[in-house]
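Understanding the architecture of this molecule
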Amino acid sequence: GTSYRFRMRAFGFDGSTAIYGEYKEITGKTDAAAPVAPTVTVGAMTGVKIGGRADNALRLNWDKNTGASGYIIEQNQNGTWIRIARIGENSTTTYRVEKLSAGRTYQFRIRGFGFQGSTPVYGNFTYVNGTTIPAKVSGLCIGGTAADAIRLNWNKNTNASGYIIEKFQNGEWIRVARIADKNTQTYRVEGLQSRNSYVFRIRTFGFDGGTPLYSDYQMIAGNTK
């Protein structure tokens, strides 16, 4: 796309004397350069975190990646990374991973992708771990009664760290025990009044790092003698 000016003349000799003709001038312009497509790069993901949990699912959240066309999500399964989702638009910033087990920790990674022409271009992976909520207590029953006490029994929950027991009293729930041993399967609630009805609820708890996780409550009623 640039103009250039040239001149040209002929030369000869008379013996050893150089003889020159007059110059002729000409101007010419090179063709415009072909456009070069900009190199496509996809930046790393930001804001990747666990946005919600259930006993069988985890929700992944992240910030919108404006340099990406979409996202790839993978899950570590038995030491192998398996693609579980390809999201084809960058405005989506959440994904719910389902069919998981209660009280287990899972590892995920996510990256953005774009295209250089028809060639896919990928950003680096960003990793995040998440733990599902422990399963609810099962097998809850009244294991024994006395005039001043009721014994609660339940099945051991192998994916919990322990149990929380509460009693309904004067219109509110009062914690009566926090049991930090998942192998415990019984608790005797004492200091009760004879011939009275009581309602209890129990839930399991676990941790995701330093974050406590709680299951839904299971409720039961019992009568003292």
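The following paragraphs examine the structure supplied in this document. Everything numeric here is computed off the predicted structure, so don't read it as measured data. (Residues numbered from 1 in each chain as written. Predicted model: local features only at pLDDT ≥ 70, side-chain atom pairs only at ≥ 80, totals over all residues. Heavy atoms only, no water.)

Looking at a nonpolar patch on the surface
Side chains of Y4, F6 and I26 sit close together on the surface and give an oily, nonpolar patch of about 340 Å² of accessible area. With respect to the helices, strands and loops of the structure, F6 is situated in strand β1 (residues 3-8). (Patch = residues over 30% accessible without salt bridge, like charges linked within 9 Å, V, L, I, M, F, W, Y side chains within 5 Å. Areas by Shrake-Rupley, 256 points an atom, 1.4 Å probe, with all protein chains shown as cover. Salt bridge = Lys/Arg side-chain N within 4 Å of Asp/Glu carboxyl O. Helix = DSSP H or I, 4+ residues; strand = E, 2+ residues; numbered from the N terminus.)

Quick look at the sheet that holds strand β5 (residues 49-53)
With antiparallel pairing, 3 strands are arranged side by side in an open sheet as β5-β6-β9. Of all strands in the sheet, those bounded by a partner on one side alone are β5 and β9 (94-97). Ignoring which end each strand starts from, the neighbouring axes of this sheet average 30° apart. Pairing geometry for β5 and strand β6 (residues 58-61), over 4 bridges, is antiparallel. In the strand pairing of β6, R53 is matched with L58. (Pairing = 2+ DSSP bridges. Axes fitted to C-alpha atoms, helices over the stretch in contact; angles between N-to-C directions.)

What about the pairing of strand β14 (residues 150-153)?
On β14, burial follows the alternation: I150 and L152 on one face are buried, whereas R151 and N153 on the facing-out side are not. Note that strand β13 (residues 141-145) and β14 share 4 bridges and pair antiparallel. Along β14, the bridge assignment pairs I142 with L152. Where β13 hands over to β14, the hairpin turn is made up of 4 residues, counted between the paired strands. Sheet topology places β14 next to strand β17 (residues 186-189); 4 bridges connect them, and they run antiparallel. Bridged to L152 within β17 is Y187. (Buried < 20%, exposed > 50% of the residue type's maximum accessible area, 1.4 Å probe, protein only.)

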